[in-house]
Amino acid sequence: MVAASLSPSHPLVACAETICDLLDEVREVQPLYMSPDDQAAALLKLEEAKRRLNEAELRVMAAAGDLAARDGARDIAAWLAFRTQAESGPMRADQKLAVAVDGKWRKVAEGMVAGDVSVEQARVIVHGLEALPDRVGADIVASAEEMLVGFAKELTPHQLRRAALHILDHVAPEIAEAEAARRLEREEQQARIKTALRTKRLGDGMSRTTITHPDASQDRLLTYVESFASPRKDPDTLVGEEDRIPYPQRMGQAFDALLEHLDPSKLPEHGGDATTVLVTISLESLQAELGTGTLLDGHAGSGELSATAIRRMACTAKIIPVVLGGAGEILDVGRAKRLHSPAMRKAMRLRDRGCRAEGCTIPARWCEAHHDHPWGTGGSTNLDDGRLYCPWHHHLAHNPTYTAELLPNGDVRFTRRR
């Protein structure tokens, strides 16, 4: 609820009161009974009115510095946020836009007055204009402003942002390429400085990783992850269970699959040895349905893994299980033969052609080699004991809540235990 004491002595105050009075008059009018044409007209005209009101508010904010000083407020954004129970951040962004539009970018203001430019579009235009280098002449900047305001009639804020990035192509093509090169070099340099990776363990077996990195790095990462999340399938097959998983969840699982497929032998030396991850687990736990192991040489806070996860990773990932006896003595440190050789995997690809889970159509090139008889319980690594699964079904193969039934044709049927 906005509380205000308005005096009709000024035209802007009178205008605001008139608008409120008119809104009071239609407060009980039900749009449900409007014709589609009237609804369309109302929506478009209300949007135009909102844009024009936004411009009027910004105009007043730009001139209200004395008001903030009179009441001891930090600025007019803080003054207005306090009195309208609003967040100060967006208000401060409005104040910054108000000063820019009122003091410099008059064509933008005129576009808002006409209802052609929204607040979101105005922010994009102003940001694009202020990003132009100082060496660009005032006449070019003026042409750029006029053209972007014109574009606002047809383009969304996102589209307008791209147009603003390339506005010199339209108003000064003779210098556009050179300026674009300088801008890109500047952005890339800043991106390297700002690149950061932050992690936080959430305490429930999950971690949150936040990466701020250059657009080019994100494009590469998404390309790699999507190759695991969306492998090509036979278009004539039915949608599988993995296709019904929400996209963000599929991408998260695909990122895990990508990490498991990294080859440590091709990573930089770490501590004088090739990068490896060691996991300790007792022989009893490795052979049991339920059990746990401990991740070694990890970062602070590294904790436990289930025996199920360790058995699955031992199939293909470059994880070294350290198997301990009853007294803690080391029984085995990752038998070299525990992983299927490249030749074995090629043979499996030729034999299986794809994931051997019943009904799955993931091709062999996206699959992982699995031990039918788990390596951790004494299984051997050979072609007869190996089978290809996609990452989704490989998890099911090691999930104790599912049974795996070998079918006569060599496929495997997974069924949830009752």
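This structure is a prediction, so every number in the text was calculated from the model and none was measured.

**Digging into empty space enclosed by the protein**
No. 1: For the structure on display, the rule yields two cavities of 30 Å³ or more.
No. 2: Each pocket or cavity is described by its volume, and for the largest cavity that value is around 60 Å³.
No. 3: Surrounding the largest cavity, E55, L58, R59, A98, V101, D102, R106 and M112 form its lining.
No. 4: Per-class residue counts for the lining of the largest cavity are four nonpolar, no polar and four charged.

**Quick word on helix 8 (residues 138-151)**
Structural remark: α-helix, 3.6 residues per turn; residues separated by three or four positions point the same way.
No. 1: Taking 1.5 Å of rise per residue, the 14 residues of helix 8 would be expected to cover 20 Å, and the 20 Å separating its terminal C-alpha atoms lies within 8% of that figure.
No. 2: Within helix 8 the residues assigned to the buried category are I140, V141, A144, E145, L148 and V149. For helix 8, the angular spread of the buried residues around the axis is 165°, confining them to a single face. Counted as exposed and oriented over 90 degrees from the buried face of helix 8: D139 and E146.
No. 3: On the buried face of helix 8, the contacting elements are helix 6 (106-113), helix 7 (119-130), helix 9 (157-165), helix 10 (168-171) and helix 11 (173-194).

**Topic: the packing of helix 2 (residues 36-63) against helix 5 (residues 88-103)**
No. 1: Following both chains from N to C, one finds helix 2 and helix 5 inclined at 85°, their axes separated by 8 Å at the closest point. As judged from the angle between their axes, helix 2 and helix 5 are roughly perpendicular. Here helix 2 contributes L58, R59, M61 and A62 to the contact with helix 5, which in turn contributes M91, D94, Q95, L97, A98, V99 and D102.
No. 2: In terms of residue class, the contact of helix 2 with helix 5 is built from seven nonpolar, one polar and three charged.

**Concerning the state of the cysteines**
Note on terminology: disulfide describes a covalent bond linking the sulfur atoms of two cysteines.
No. 1: For the structure shown, the criterion picks out zero disulfides.
No. 2: Distance from the sulfur of C360, which forms no disulfide, to the nearest cysteine sulfur (C355) is 3.7 Å.
No. 3: C355 supplies the cysteine sulfur nearest to C390, a cysteine that is in no disulfide, at a spacing of 3.8 Å.
No. 4: Looking at C390, the relative accessible area reads 2%, which means it is buried.

**Structural notes on the pattern of salt bridges**
No. 1: Per the counting criterion, the structure on display carries 16 salt bridges.
No. 2: With a closest N to O distance of 3.2 Å, K50 and E47 form a salt bridge. Of this pair, K50 and E47 both sit in helix 2, three residues apart, which is roughly one turn of that helix.
No. 3: On the basis of relative accessible area, K50 is assigned to the partly exposed category, the value being 45%.
No. 4: Ionic pairing is found between D71 and R70, a salt bridge with its closest N-O pair at 2.9 Å.
No. 5: Judged by its relative accessible area of 32%, D71 is partly exposed.
No. 6: Its relative accessible area of 64% is what places R70 among the exposed residues.
No. 7: One salt-bridge network, in which partners are shared between bridges, spans R351, D352, R356 and D411.

**Concerning the pairing of strand 2 (residues 207-212)**
No. 1: Where strand 1 (residues 196-201) lies against strand 2, six bridges are found, and the strand directions are antiparallel. Across the sheet, the residue bridging to R201 is S207, located in strand 2.
No. 2: Counted between consecutive antiparallel strands, the loop separating strand 1 from strand 2 contains five residues, among which G203 sits at a positive phi close to 85°.

**So, unusual backbone geometry**
No. 1: At Q85, a position not held by glycine, the phi torsion is positive, near 55°.
No. 2: Here Q85 lies in the loop between helix 4 (76-84) and helix 5.
No. 3: Since its relative accessible area comes to 58%, Q85 is described here as exposed.

**Quick look at the nonpolar core**
Within soluble globular proteins, side chains that are nonpolar tend to cluster in buried spots.
No. 1: Ranked by internal contacts, the top residues of the largest apolar core, which has 40 residues, are I125 and L148.
No. 2: Listing elements by their share of this core, those giving two or more residues are helix 2, helix 4, helix 5, helix 6, helix 7, helix 8, helix 9 and helix 10.
No. 3: Counting residues per element, this core draws most heavily on helix 7, which supplies six residues.
No. 4: Setting aside chain neighbours within four positions, we find I125 in contact with V108, V117, L148, V149, A152 and L160.
No. 5: The next biggest cluster of nonpolar side chains, apart from the first, holds 15 residues, and it includes C360, I362, L388 and F414.

**Section: the environment of H394**
No. 1: Mapped onto the secondary structure, H394 falls in helix 17 (residues 391-397).
No. 2: Through-space distance from the C-alpha of H394 to that of H370 is 7.2 Å; in sequence the pair is 24 residues apart.

**Brief notes about the confidence of the model for the protein**
No. 1: Residues at a pLDDT of 70 or more form 73% of the protein, whose mean pLDDT is 79.
No. 2: Long-range and interchain partners of residues 232-239, a stretch whose pLDDT sits below 50, account for 10 contacts in this model, where long-range means more than four residues apart.
No. 3: The low-confidence segment residues 330-338 (pLDDT under 50) makes 30 contacts with residues lying over four places distant or belonging to another chain.

**As for a nonpolar patch on the surface**
No. 1: A cluster of nonpolar side chains, contributed by L23, V26 and V29, occupies part of the molecular surface with about 260 Å² of accessible area.
No. 2: Take V26: it is sitting in the loop between helix 1 (11-25) and helix 2.
No. 3: Classification of V26 as partly exposed rests on a relative accessible area of 45%.

**Things to note about the packing of helix 2 against helix 6**
No. 1: Two elements in contact, helix 2 and helix 6, have axes whose closest approach is 7 Å; the angle formed by their N-to-C orientations is 135°. Taken together, the axis directions place helix 2 and helix 6 in an arrangement best described as oblique. In this structure, helix 2 uses R51, R52, N54, E55 and L58 to contact helix 6, whose residues at the interface are A109, M112 and V113.
No. 2: By residue class, the composition of the contact of helix 2 with helix 6 is four nonpolar, one polar and three charged.

About the cut-offs
- Residues numbered from 1 in each chain as written.
- Predicted model: local features only at pLDDT ≥ 70, side-chain atom pairs only at ≥ 80, totals over all residues.
- Heavy atoms only, no water.
- 1 Å grid on protein atoms, 1.4 Å probe; cavity = no way out; pocket = protein on both sides within 12 Å on 5 of 7 lines; lining within 4 Å.
- Points joined across faces, edges and corners; volume = space filled by probe spheres on them.
- Nonpolar A, V, L, I, M, F, W, Y, C, P; charged D, E, K, R; others polar.
- Helix = DSSP H or I, 4+ residues; strand = E, 2+ residues; numbered from the N terminus.
- Expected span 1.5 Å × (residues − 1).
- Buried < 20%, exposed > 50% of the residue type's maximum accessible area, 1.4 Å probe, protein only.
- Arc of directions from axis to C-beta.
- Contact = heavy atoms within 4.5 Å.
- Axes fitted to C-alpha atoms, helices over the stretch in contact; angles between N-to-C directions.
- Parallel < 35°, antiparallel > 145°, perpendicular 65-115°, else oblique.
- Disulfide = S-S within 2.5 Å.
- Salt bridge = Lys/Arg side-chain N within 4 Å of Asp/Glu carboxyl O.
- Pairing = 2+ DSSP bridges.
- Core = buried A, V, L, I, M, F, W, Y, C linked by side-chain atoms within 4.5 Å.
- pLDDT = per-residue confidence, 0-100.
- Patch = residues over 30% accessible without salt bridge, like charges linked within 9 Å, V, L, I, M, F, W, Y side chains within 5 Å.
- Areas by Shrake-Rupley, 256 points an atom, 1.4 Å probe, with all protein chains shown as cover.

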